[in-house]
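Residue-level listing of the chains:
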Amino acid sequence: MDEEARENEIQTEKAEERPAKEGLAGYYKKSAYGVRVAFFVSLVILVAFTVFCIGFYKDHITYDNIRYFFKYLDITSSDNIPSDAEIVINEGKDASYVMLYNDVAAVTDSGIALYDFAGNKLYSYKYGYASACAVNNGKSILVYDSEGTGLSIYNSVSKIYETNFDYDVKSACINELGCFAVINSEKTYRSGIIVFDRDYNEIFRWMSPDKYVTSVDINANASRAAVSCVRNENGSFVTDVIVFNTSTGEKEYQKTVFDSIALKIGYADNYSCIYLLTDNALILCDTGLEEKARHSYNPSNAKFFKDFEECFIIAESSSLAGSTMKLSAYGYDGSELFSLVSEKGMIDAAFNDTTLYLLTKESLEVYEYGKSSDNQREIKKIGEKELGLQYKYIKTDSYGRYILIGAKKAKRGLLAVLLEEQLEK
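Quick notes on the rules
- Residues numbered from 1 in each chain as written.
- Predicted model: local features only at pLDDT ≥ 70, side-chain atom pairs only at ≥ 80, totals over all residues.
- Heavy atoms only, no water.
- Helix = DSSP H or I, 4+ residues; strand = E, 2+ residues; numbered from the N terminus.
- Buried < 20%, exposed > 50% of the residue type's maximum accessible area, 1.4 Å probe, protein only.
- Contact = heavy atoms within 4.5 Å.
- Areas by Shrake-Rupley, 256 points an atom, 1.4 Å probe, with all protein chains shown as cover.
- Pairing = 2+ DSSP bridges.
- Axes fitted to C-alpha atoms, helices over the stretch in contact; angles between N-to-C directions.
- Patch = residues over 30% accessible without salt bridge, like charges linked within 9 Å, V, L, I, M, F, W, Y side chains within 5 Å.
- Salt bridge = Lys/Arg side-chain N within 4 Å of Asp/Glu carboxyl O.

### Topic: the overall build of the chain
At step 1: In terms of regular secondary structure, the chain is built from 3 helices and 32 strands.
At step 2: The proportion of buried residues among the 425 residues of the chain is 44%.
At step 3: By sequence separation, contacts in the chain at least 24 residues apart represent 37% of the contacts at least 6 residues apart.
At step 4: Counting only carbon and sulfur atoms, one obtains 50% of the accessible surface of the chain, whose full area is about 22,800 Å².

This is the structure in C-alpha cells:
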C-alpha cells in the first residue's frame, strides 16, 4: 500500500507541474509572435515611408545630390590594421601618390584608385586626362588635367564632383573647407583665375589681358585669393603678386618682384603667411605682402621644394654631378631652422611634428628637430633603415606613421619600431 500511495502521489505532482510548464511555454510563444508582428509592422512602415519619400521628392533625388551626401560624410573611424602593413599597388611607374587620411590614393593620367593598408582597393575611377595633376586638403583630392579641360574631386568614399571648362586648366588649389580655384582663360585674355565655394558655385573671376598666371591659392573661407603672375617688361621677366578680395572683386594688395619667374604661391601657418617660390628664391610675406624674409637657392641644383605645417624645405645637390645634397628648412617667420647634408642623395622628405623623414637612394634616414643641452634647437639623426627596394615617395598619415611608396608596393611603419630595431643592431 505504501508503494501504491507513493506512486499516486508522484503522478499527482507531475499533473500539477504540467499546466505550469505549458503556461510558461505559451507565454514565450506569444511573446515571440508579438515581436515578429512588431518587426513586420515596423518594416512595412519603413518601406511605405521610403516609397512615399521617393515619390514625393523624386524631382529632388539626383546623382549630384547623392554626391553631396558622400561629400559631407565623415569617415574618421579608427584604423585597426597593423602599423607595419605592406600592400601591393599596380598603378604604373608614372603614378603620383596622395595620402587621404590613412589610405593611399594613386593618381595617373587614366584614373585614380584608393587603397587601404589591408590591401583593399576602395574605389577606382577612370577619366582619361592628358596630364593629370593632384592637390589635396587632407579630406579630399582635386585632380585636374593640366593639358586639358577636365577637373574632378574625390573623398574617402566616392567621386563627389566632376566638370569640364571651356579652356585648359593650368593649375588648381583646394582649401580645408573644400573651396577651390583654377587657373583658366577666356577668349582674348592670356589667363586668369576662377574661384568656387564648397558647393561648387563660382564666386569670383578675374582675367588678365597681359599677364600669365602661374599659381593661385585661397585662404580658409575663400574670401581672399593670392595670385602670382608673370609679364614681360623691357625684355625682362617681372613677377606680380596680387591678393584679391573675392567678395568685392577688388585688389587689396599688390607686389612686384623683378628678374624672377614665380613658380608657386601659397598660404601657410594657418593662413597668416604667404610664401612665393620663384626660380631663384623663397620669399616669405605677411598677408599684406610685406616681405619678411628671402632665401636664395641655385635653380640648376634644386631637386625638390616642400611646404609642411611646420616649415618649408628646399633640397639642392652640391653639384650637377654626384649624390651629395643639402637640405635647408625655414620657418614661417623667415628664420633658417636647420640644414643637413647627405652623401646618399635625396629622393623625398616628410616632416611631421618634430620628426624629419629623409628618403635616400639606399635608406630611410630619421632626424629629430628638438632642444639640445644648451636649450638651443638643433637637428639630430636618431635612426636609419636600409631599404632593399627602391622607393620613390615618403609620406606620413594622420597617426604620424611613415609611408614608403614604390612603383609596385607601399609599406607602413612606426617610428618607435624603427628606433627599437636600430637599438637591437
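### Examining the environment of K255
At step 1: Inspection of the secondary structure puts K255 in strand β17 (residues 251–258).
At step 2: We classify K255 as buried; its relative accessible area is 18%.
At step 3: Once the C-alpha coordinates of K255 and E290 are considered, the two residues, 35 residues apart in sequence, prove to be 8.5 Å apart.
At step 4: Once you skip the residues sitting within four places of it in the chain, K255 turns out to touch T239, D240, V241, C285, L289 and E291.

### Some thoughts on the sheet that holds strand β20 (residues 281–286)
At step 1: Pairing in this open sheet of 4 strands is antiparallel, and the strands run β18-β19-β20-β21 from one edge to the other. Each having just a single partner strand, β18 (262–268) and β21 (291–296) make up the two edges of the open sheet. Strand-to-strand, the axes of this sheet are offset by a mean angle of 15 degrees, without reference to chain direction.
At step 2: Two elements, β20 and β21, share 5 bridges in a ladder whose sense is antiparallel. Along β21, the bridge assignment pairs A281 with S296.

### Remarks on the sheet that holds strand β30 (residues 393–396)
At step 1: The sheet built from 4 strands is open, its strands ordered β1-β32-β31-β30 with antiparallel pairing. Looking along the sheet, the strands with just one partner apiece sit at the ends: β1 (86–88) and β30. When the angles between neighbouring strand axes are averaged without regard to direction, this sheet yields 20 degrees.
At step 2: Looking at chain direction, strand β31 (residues 402–405) and strand β32 (residues 409–413) are connected through 4 bridges and run antiparallel. Bridge pairing links Y402 to G413 in β32.

### Notes on a nonpolar patch on the surface
At step 1: Where nonpolar side chains cluster on the molecular surface, the patch consists of Y33, V37, F40, V41, V44 and I45 and spans about 580 Å² of accessible area.
At step 2: In this structure, V44 sits in helix α1 (residues 2–56).

### A short note on the pattern of salt bridges
At step 1: Within the structure shown, the criterion is met by 18 salt bridges.
At step 2: Ionic pairing is found between K306 and D348, a salt bridge with its closest N-O pair at 2.9 Å. Of this pair, K306 sits in strand β22 (residues 302–307) while D348 sits in strand β26 (residues 346–352); the two residues are 42 residues apart in sequence, bridging distant segments of the chain.
At step 3: Residue K306 is classed as partly exposed on the basis of its relative accessible area, which comes to 22%.
At step 4: For D348, a relative accessible area of 3% puts it in the buried group.

### Focus: the pairing of strand β11 (residues 180–184)
At step 1: With respect to burial, β11 is a largely interior element, 5 of its 5 residues being buried.
At step 2: As paired strands, strand β10 (residues 171–174) and β11 are joined by 4 bridges and run antiparallel to one another. The residue bridging C173 from the neighbouring strand is A181, located in β11.
At step 3: Taken together, β10 and the strand that follows it, β11, pair antiparallel across an intervening segment of 5 residues, in which G178 is found at a positive phi of about 100 degrees.
At step 4: Looking at chain direction, β11 and strand β12 (residues 191–196) are connected through 5 bridges and run antiparallel. Its bridge partner lying in β12, N184 is registered against G192.
At step 5: The antiparallel pairing of β11 with β12 creates a hairpin that spans 6 residues between the two strands, and T188 there sits at a positive phi of about 80 degrees.

Taken by themselves, the reported measurements are silent on function.
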